[in-house]
Amino acid sequence: MNVAFDLAEKILAGQRRALAKAITLIESTKHADRLIAEEILTRIIPHTGNSIRLGISGVPGVGKSTLIEALGKYLLQYNKRLAVLTIDPSSPVTGGSILGDKTRMESLAREENAFIRPSPTNGNLGGVGRRTRETMLACEAAGFDFIIVETVGVGQSEVAAASMVDVFMMLQLPNAGDELQGIKKGILELADILVITKADGQQKQMAEHARLEQQRALHLTRHENNWKPPVLTASALEDKGIAQIFESVDECHRIKQSSGQLQLKRQAQARAWFEQELVEGAKDWLVHHLGSSHQLADAESDVIGGRIPASAAVRHIFDQLLSGAESTTKKIRR
Amino acid sequence: MKQSFKSGRLGYDLWVKDASADIKGSPLEQLTRQTPEGLSLKPLYTAADLQGIPFLDTMPGQPPFTRGPRATMYTFRPWTIRQYAGFSTAEESNKFYRNALAAGQKGLSVAFDLATHRGYDSDNLRVVGDVGKAGVAIDTVDDMKILFDQIPLDQMSVSMTMNGAVLPILAGYIVAAEEQGVSQDKLTGTIQNDILKEYLVRNTYIYPPKPSMRIVGDIIEYTSQFMPNYNSISISGYHIQEAGADAALELAYTLADGIEYVKAAIARGQDVDSFAPRLSFFFAVGMNFYMEIAKLRAARTLWWELMQQFAPKNPKSSMLRTHCQTSGWTLTEQDPYNNMVRTTIEAMAAVLGGTQSLHTNSFDEAVSLPTKTSSRIARNTQLIIQEETDITHTVDPFGGSYFMEKLTFDLINRAKEILQEIDAAGGMVEAIQSGLPKLRIEESAAQKQAGIDSGANIIVGVNKYRVQEASEIDVLDIDNTAVREAQIKRIKAVKATRDSKATEQALNALKDAAASDSANLLAYAIECMRKRATVGEISDAIAEIYGRHTATTQAVSNVYINNYKDSGVIDDVKQQIAEFTIEEGRRPRILVVKLGQDGHDRGAKVIATGFADLGFDVDIGPLFQTPEEAAKQAIENDVHVIGVSTQVAGHKTLVPQLIKVLQIHDAHEIAVVVGGIIPTRDYAELKKAGVVSVFGPGTPIPECAAQVLQAIKSKQKSEIAK
Ligand code: B12
Ligand SMILES: Nc1nc2c(ncn2[C@@H]2O[C@H](COP(=O)(O)OP(=O)(O)O)[C@@H](O)[C@H]2O)c(=O)[nH]1
Ligand SMILES: [Mg+2]
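Residues numbered from 1 in each chain as written. Chains lettered and ligands numbered in written order. Predicted model: local features only at pLDDT ≥ 70, side-chain atom pairs only at ≥ 80, totals over all residues. Heavy atoms only, no water.

> An account of the overall build of chain A is requested, with residue identities and associated values reported.
The helix and strand inventory of chain A stands at 14 helices and eight strands. For chain A, buried positions account for 48% of its 334 residues. In chain A, of all internal contacts separated by at least 6 residues, the share reaching a separation of at least 24 is 76%. Summed over all atoms, the accessible surface of chain A reaches about 16500 Å², with 55% contributed by carbon and sulfur. (Helix = DSSP H or I, 4+ residues; strand = E, 2+ residues; numbered from the N terminus. Buried < 20%, exposed > 50% of the residue type's maximum accessible area, 1.4 Å probe, protein only. Contact = heavy atoms within 4.5 Å. Areas by Shrake-Rupley, 256 points an atom, 1.4 Å probe, with all protein chains shown as cover.)

Set out below in C-alpha cells:
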C-alpha cells in the first residue's frame, strides 16, 4: 500500500502512532520523505483549520513548558483534545540536543487526550517554523482541536511562531526589569496576551508591579482595534491565574472569529507561507542543482573577496541558468 | 645528636635538586596533581605548609573537633559496625538481622524497598516492579513488628534510612516498640529524615520542599521532647558523592543542608541546644584516601565554625558525629573480587578520619544486593581492622602531618567558597529550587565518566588490566511477584480486622493537622499507625493537602565531550552519527527512561548528556514512569530507540511490559535497549523478550552510542524484512 495514503487515512482516524510518524516525515531533511510528507499533507488539508491555534513564547526559563502543563490540564477538563508542539534549541557545537520541554509536562504527557511533540531546531529556527506549521495541520487532521506551539523567544522565532497561530501569547518574568525595555518594541506588538509568570512566593509583589508597568507600556502600542491585549499574572506552580489565561485566549479567538479577522489573518498567513515556501524552495532548488558545480562557491568567494557586488553575482548566476535552459529547450525543439 | 642532617629551608632546597634529578630535569610541577575539587596535591609537604592553619594542635573531644568528637576515640571503644541491609519481606530481613547480630554486628540499619520509600502500599499499581526488590517492604505496623521480632528495641540501636515516608515509618517503629512493651523514650538509633538531599540526588521525596521541611521540623521537635536518645536526622553527604560529587561539593552541600535544618528548627522556636546535639551526619568514603580522611576532619572543623552563628551553649551542639559508608560507586562488576580490596582501603580512610560508625560494602554490590557470604566478608573487613591491627590504638594518627593538616585546611576553604554560592542563592532550599547544585553534581559526574571512559582515570579490571574470563559470582535474586503477593495478603488481612471507623478518624485528624500550621504531624501519624492505617494511606492523606512533588529535569551539555581526552574515538562515533543523519533525514533520536520507583538517575543522566554531546537527539523521560507512560512518550516523539536505564532490578518485570505495550500500539519498529545494573545471567531473558542490546556497568559511552546506532539499524533491517 502507498505509505502516504495509509498514513493519511490513519491520521484522519486519529491514530497517534501515524501522526507521530507523519511528523517525522514532515521534519525529515531527506528528499524522498519530503515527497511523502507533501502527499500526506495534500490528502489531509481539507480536514484542517478547525482548531484554536495558540502560540506561546518567551525567554528560556520564563516558564513556558510549566505553564502549558497547567493550561493543558485545565483544557482537558473541558473535553478538549490538545496537541503541544515545542521547539527545543539544539546545541550548536555538536548538533545533538536534549529535548527537555516535555519533562516539564509530566502529568499532561500521560493524558490520553494530549499529544506532545518536542522538535529539535537543528540550529535552524526559520526552518522549524516552516515545518511546525505543517505539523500543526497534521495535528488538526488527527482531531486535535486545541494546538499550542511553544517557541523559545530569541527574536526571530517569535515572529515565525506568531505567523502561524491565531492567538499569540508572550510570557515575561516578574523581575524582567531592563530586559523589558528590549522586548517592548516590535515583539510586544505581536502579542495578543501578555502573562507575567511565577507570580508566587517572594515574587508575587514584583509580578503585580510588572503587570501594571506592562499595561501602561501596552497602552502605547497599536493593536488590531477591537482587541486590547490584557496583561495577566499567573503561577503555574500554585495553579493560579490559569482559568483567566484560558478565558482570555478563548475570548480573543472568539472576537477575531466573529469579526471575520481570524479568516483574514489565516489567509494572510497562508499567503506568507506560500511566499516563504517559494523563496525557500527556490533556494533549495538552486543549491540542489548548482551545489555540486563550482558556480555558487565561486560567486560566493568573489562576493566575500569584495570583487563583485552580491546583486551582480546573483544576477550572473541566473543569466547563466536561463541561457542554459533556453539552449536546452531549443535543442529539444529542433 | 650532631647536626649531620639538614632541615627547613636548606633541606628543602636540596630536596628540590634531588627530586629534579630523579625526574630527569623535567619541571617539578608535573608531580603536583590537580584534584577534582580544584586543589593541588604537591609531592611533598613541609612545616612551612602549616602556616596560618588555626586548628593545629587542638585536642580530640574539644572544639573545633578536628581530631575527633571523643577524647579517647577508638582507644577506648571502637566505632560501631553498622551494616545497612534489608530485602524482600519483614520475615527474611528479620532472620538476616538476627544472624548478623550473632556474628558481631553492633547496630541495625534498615533498608526499605522503594515502594515504601515513596509512600506506596505494595498493592499499588505504580510499584508492581518494586515491591521487596531493593529493601524490605513495610505496609503496616504488623510488618514492622515482624521486622523487629525478638530484637529488644530498648537495647538495640536501630538506624532507618527513610526520608519520603518518614512519618508513617517512624510512627510504625514507635508503635511496634510500644506493642513490644518498650516506651519511646528508651529508643536509640537514627532516622535519616534528610529530605533536602532527596531533591538533590536520592529521589525518594514525596511532597514538595516546603511542607517536607515542616515534616523534618516536626520530627526534630517530637524526638527532642520524647525520645532523648534518638538521633532525629542523619544529614547525608553519602548520596551526594555517590551521585557524582567530588569531596568539596559533598562536604559543602551536606553542611549547607545541615544549616538549613538548624535554621528551620530555630525558626519554630526551638532552642539550639535542645536539638543540635542529636543531629548526626553521614558521609561516603571513596578511593581518594587522603582526601577522604581530610574530608572527615574538615567536616568536623567547619561544622563547629558554622554552628557558632547560633551561639550554642552546649559544646555538643556544634560537635559533628558521623556514620560512614564505603563507596558503592567505586565497586566494579568486572573482576569483582577486587572490590574487597577497594572496600578495605576505603574503610581504613573512614577509620583514620575518625568515623563513629561504619558500613562496609560487599564485593558483589555492583551487581546485586549482597549474599550471605559476601555480607560476612564485608562485616569481617571491619572486624579485622578492629581486632587484628593496631589501627585503633591511637587517636587521630594523621594529626600533625604537614600534608594532612594542610589538605584539611585547603578543603575547608574550598567548601567555604561553595557555601558562599549557596548563601548567595538564599540557602539550600532556594538553591535546590533553582536546580544549580544538582547541575553541579551532574557536571562532576559527567567529568568522572569522561575521565574513566577515555582512560585518563584508571579503574583496574575495567579500563586497564582487564581479565578475559568473566568471573561468575553468586547473585541474589528476589522474586518480587511472590513478595508482592504475600504483602497484599497481609494488607488485606489487616484491613479486614481493623476498626475501620477508628482508622478513618485517625487519618482525618492527620489531614486536619497537615492543613493547620501548629500541630505536630508525627503525633498524628503515630495514632494512625496504632489504628492500623497503612503506610500508603498515611502518605496519601498528607498528599491530599500537600500534593506530590514533581522534579524538573535539567541536564548539562558539552561537559562530557570537553573532558574526554581522546578525540579519535569521539570523532569516529560522531562521523557514524553524521552519516546516519544524512541517510535517515534526521539525527538518531533516543528516549532515555527510568521505569518504576528506581531513583538512580546518575547513569541515565550521563548517558543522556554524553549521547547529546555525540550528536543524538535525546529525550529524557521523567522519573518513575510506568511502561505505558514511557511507550506513549516514545511513540509521540517517534524516537528510534528507547534506552531503559535500570539499577534496582526491576528490569525483568518492567522491560518486557514496555515491549508489549509498544507492540500493542503498532510501534514495534522502536528498538529497545537496556543499560545499568543487570546481572549477566539476565541478558538472555531480556533479549528473548525483544531487547536489542544490553549495556552493563563500565561500558564507555562512545561504545554505547556506536552500539545503539547499530541497534537502530538492525531493528530497521529486521522490520523491513518483515
Ligand atoms: C550511585 C548509587 C546510588 C546513589 C544514586 C544517585 C543517583 N542519583 O543516581 C544513591 C546513594 C542515592 C543510591 C541509593 C540507593 N541505592 Co544505589 N547504587 C548506586 C551504585 C553504587 C552505583 C550506580 C551508578 O550510578 N553507577 C554509575 C553509573 C554511571 O553507572 P551505571 O548506572 O551502571 O551506567 C553505566 C552503564 O550501566 C550504562 N548504562 C546505564 N544506563 C544506560 C542506559 C542506556 C540507554 C545505555 C545505552 C547504557 C546505560 O552506561 C553507563 C556508563 O557506563 C550502585 C552499585 C554499583 N556499583 O553499581 C548501587 C545500587 C544500584 N543501589 C542499590 C540500592 C538497593 C539502592 C537503594 C534502593 C537502597 C535503599 N533500599 O535505600 C537506594 C535508593 C535509591 C533510589 N531512589 O532508587 C542496589 C540495587 C540492588 C539491585 N539491583 O538488586 C545497588 C546495585 C547496590 C547494591 N548492591 O546494594 N544508590
Ligand atoms: N516559582 C515558580 N517557578 C516556576 C513557575 N513555572 C516554572 N517555574 C520554574 O522555572 C523553571 C523553568 O521553567 P520551564 O517551564 O522549563 O521554562 P521554559 O524554558 O520557558 O519552558 C523551572 O525550574 C520551573 O520549575 C511558576 O509558576 N512559579
Ligand atoms: Mg520549555
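> Give me the lowdown on the site of ligand 2, citing residues and values where you can.
Lining the immediate surroundings of ligand 2 are 16 residues, of which A:K64, A:T66, A:R104, A:D200 and A:A236 lie closest. Around ligand 2 the close residues trace back to chains A and B. A:G63 places a main-chain nitrogen or oxygen 3.0 Å from an oxygen atom of ligand 2. At a separation of 3.2 Å, an oxygen atom of ligand 2 approaches a polar side-chain atom of A:E150. Notes on ligand 2: free accessible area 570 Å², of which the protein chains cover 84%. (Near = heavy atom within 4 Å. Polar contact = N/O pair within 3.5 Å; in protein donor to acceptor, adjacent residues only side chain to side chain.)

> Which residues make up the coordination of the magnesium ion (ligand 3), and what values do they have?
By definition of the ideal shapes, four donors in a tetrahedron about a metal sit 109.5 degrees apart, and six donors in an octahedron sit 90 or 180 degrees apart. All names here are of chain A. Distances from the magnesium ion (ligand 3) to its protein donors, namely S65 (OG), D101 (OD) and E150 (OE), fall within the range 2.0 to 2.3 Å. When the donor residues of the magnesium ion (ligand 3) are listed from N- to C-terminus, their spacing reads S-x35-D-x48-E. With S65 in helix 4 (residues 64–76) and D101 in the loop between strand 3 (97–99) and helix 5 (106–110), the pair connects residues that are 36 residues apart, well separated along the chain. (Donors = N, O, S within 2.8 Å, 3.2 Å for Na, K, Ca; no water.)

> Describe the packing of aromatic side chains, and please don't skip the residues or the numbers.
All names here are of chain B. Enumeration according to the criterion identifies 25 aromatic pairs over all chains in this entry. With centroids separated by 4.9 Å and ring planes inclined at 70°, the aromatic side chains of Y74 and W79 adopt a geometry described as edge-to-face. Here Y74 falls in the buried class, since its relative accessible area comes to 10%. Seen from their ring centres, Y199 and Y205 are 5.5 Å apart, and the 10° between their planes marks the pair as stacked. Y205 sits in the buried class, given a relative accessible area of 2%. The side chain of K42 reaches across the aromatic face of Y45, ending 4.9 Å from its centre. Across the ring face of F624, the terminal group of R118 is positioned such that the distance to the ring centre comes to 3.6 Å. (Phe/Tyr/Trp six-rings, centres within 6.5 Å; stacked < 30°, edge-to-face > 60°. Lys NZ or Arg CZ within 6 Å of the ring centre and 35° of its normal.)

> Give a description of the interface of chain A and chain B that names residues and reports values.
Contacts between chain A and chain B engage 34 residues on the former and 43 residues on the latter. Summing both sides of the interface, chain A and chain B together bury roughly 2900 Å²; the carbon and sulfur share of this comes to 46%. Between B:E636 and A:K102 there is a salt bridge; the shortest N-O distance is 3.0 Å. Applying the counting criterion to the chain A and chain B interface returns 21 residue pairs in polar contact (both at pLDDT 80 or more). Elements represented by at least two residues in the side of chain A that touches chain B include exactly helix 2 (16–27), strand 3, helix 5 and strand 4 (114–120) of chain A. (Buried area = accessible area lost by both parts, 1.4 Å probe. Salt bridge = Lys/Arg side-chain N within 4 Å of Asp/Glu carboxyl O.)

> I'd like a rundown of the side chain of B:S362, residues and numbers included.
Residues and elements named next belong to chain B. Along the polypeptide, S362 turns up in the loop between strand 11 (357–359) and helix 13 (372–388). Assessed through its relative accessible area of 3%, S362 is described here as buried. Side-chain polar atoms of S362 contact the backbone oxygen of S374, separated by 3.4 Å. Those residues in contact with S362 that sit more than four places away from it in its chain are L331, P370, S374, S375 and A378.

> Before we move on, could you go through the site of ligand 1 and cite the residues and values that matter?
Residue and element names in this part refer to chain B. What surrounds ligand 1 is a group of 43 residues, the closest being Y84, S368, H600, D601 and Q647. G676 is positioned with one of its backbone polar atoms (N or O) 3.1 Å from an oxygen atom of ligand 1. Residue assignment for the shell around ligand 1 shows that the elements contributing at least two residues are helix 3 (114–117), helix 6 (196–202), helix 8 (238–242), helix 23 (602–614), strand 14 (641–646) and strand 15 (671–676). Ranked by residue count, the leading element in the shell around ligand 1 is helix 23, at four residues. Partitioning the shell around ligand 1 into residue classes produces 20 nonpolar, 17 polar and six charged. (Nonpolar A, V, L, I, M, F, W, Y, C, P; charged D, E, K, R; others polar.)

> Break down a nonpolar patch on the surface for me, with residues and values.
A cluster of nonpolar side chains, A:F274, A:L278 and A:V279, forms an exposed patch at the surface whose accessible area comes to about 330 Å². Among the secondary structure elements, A:L278 is positioned in helix 12 (residues 261–290). (Patch = residues over 30% accessible without salt bridge, like charges linked within 9 Å, V, L, I, M, F, W, Y side chains within 5 Å.)

> Describe the coordination of the cobalt atom of ligand 1, listing the residues and the values that go with them.
The protein gives the cobalt atom of ligand 1 a lone donor atom, B:H600 (NE2), placed 2.2 Å from the metal. Within the element layout of this structure, B:H600 appears in the loop between strand 12 (589–593) and helix 23.

> Hey, could you go over the sheet that holds strand 11 of chain B for me, with residue numbers and the actual values?
Residues and elements named next belong to chain B. Spatially, nine strands are ordered 7-6-5-4-3-11-10-9-8 in an open sheet, and the strand pairing comes out parallel. Two strands in the sheet have a free side with no partner beyond their single neighbour: strand 7 (230–231) and strand 8 (233–236). Direction of pairing for strand 10 (residues 322–326) relative to strand 11: parallel, over a ladder of three bridges. Across the sheet, the residue bridging to H323 is S357, located in strand 11. Strands strand 8 and strand 9 (279–285) of the sheet are contacted by helix 9 (residues 247–267), whose axis makes an angle of about 165° with strand 9. (Pairing = 2+ DSSP bridges. Axes fitted to C-alpha atoms, helices over the stretch in contact; angles between N-to-C directions.)

> How would you sum up the sheet that holds strand 15 of chain B? Please name residues and give values.
One open sheet holds the six strands; their spatial order is 3(A)-13(B)-12(B)-14(B)-15(B)-16(B), and the pairing between them is parallel. Each end of this open sheet is capped by a strand with a single partner; those strands are strand 3 of chain A together with strand 16 (693–695) of chain B. Put simply, the sheet's adjacent strands are angled 25° from each other on average, direction ignored. Two strands pair when backbone bridges link them, and strand 12 of chain B and strand 14 of chain B are joined in this way by four bridges, in the parallel orientation. What sits directly across from B:V592, in strand 14 of chain B, is B:G643.

> Please set out unusual backbone geometry residue by residue, giving values where relevant.
Residue and element names in this part refer to chain B. In this structure, the amide linkage connecting P63 to the following residue, P64, adopts the cis form with an omega of 0°. In this structure, P64 sits in the loop between strand 2 (40–41) and strand 3 (80–85). In this structure, N558 is a non-glycine residue whose phi angle is positive, near 70°. Here N558 shows up in the loop between helix 20 (535–546) and helix 21 (559–562). Accessibility expressed as a relative area gives 19% for N558, which makes it buried. One non-glycine residue, D638, lies in positive phi territory at about 45°. Secondary-structure assignment places D638 in the loop between helix 24 (627–637) and strand 14. Taking the relative accessible area as the measure of exposure, D638 reaches 6% and is therefore buried.

> Explain the pattern of salt bridges to me, using residue names and the numbers behind them.
Two side chains of opposite charge can pair, provided their charged atoms sit close to one another. Residue and element names in this part refer to chain B. Tallied over the full model, the rule gives 66 salt bridges over all chains. Across the salt bridge formed by E292 and K295, the nearest N and O atoms sit 2.7 Å from each other. Placement of the pair is E292 and K295 together in helix 11 (residues 289–307), with a separation of three residues, close to one helical turn. Of the residues examined, E292 reaches a relative accessible area of 4% and is grouped as buried.

> An account of the nonpolar core is needed here, citing residue identities and associated values.
Residues and elements named next belong to chain B. Judged by nonpolar contacts, the single largest core of 81 residues is most densely connected at Y253 and W303. With twelve residues, helix 9 is the single largest residue contributor to this core. In terms of nonpolar packing, the next biggest core, distinct from the first, is built from 67 residues, F112, Y120, A506 and A525 among them. (Core = buried A, V, L, I, M, F, W, Y, C linked by side-chain atoms within 4.5 Å.)

> Residues and numbers for the pairing of strand 4 of chain A, please.
For strand 4 of chain A, the tally of buried residues reaches seven of seven residues, placing the bulk of the element in the interior. Side chains of strand 4 of chain A alternate between two faces, with A:A114, A:I116, A:P118 and A:P120 and A:F115, A:R117 and A:S119 buried alike.

> Got a sec to walk through the side chain of B:Q633? Specific residues and values, please.
With respect to the element layout, B:Q633 can be found in helix 24. Overall, the relative accessible area of 4% leaves B:Q633 in the buried class. Contact partners of B:Q633, with chain neighbours within four places excluded, come to A:K102, B:L591, B:I620, B:G621, B:P622 and B:Q625.

> Which residues make up the packing of helix 7 (residues 209–226) of chain B against helix 19 (residues 521–530) of chain B, and what values go with them?
All names here are of chain B. Two elements in contact, helix 7 and helix 19, have axes separated by 8 Å at closest approach and are oriented at 85°. Judged by the angle between their axes, helix 7 and helix 19 are roughly perpendicular. Between helix 7 and helix 19, the contacting residues are R214, I215, D218, I219 and Y222 on the first element and L521, L522, A523 and I526 on the second. Classifying every residue of the contact of helix 7 with helix 19 by side-chain character gives seven nonpolar, no polar and two charged. (Parallel < 35°, antiparallel > 145°, perpendicular 65-115°, else oblique.)

> Go over the environment of B:L436, please, and point to the residues and values.
Residue and element names in this part refer to chain B. Among the structural elements, L436 can be located in helix 16 (residues 436–453). Judged by its relative accessible area of 31%, L436 falls in the partly exposed class. For the pair L436 and E405, spaced 31 residues apart in the sequence, the C-alpha separation amounts to 31 Å. Once residues within four sequence positions are removed from consideration, L436 is found in contact with E421 and A431.

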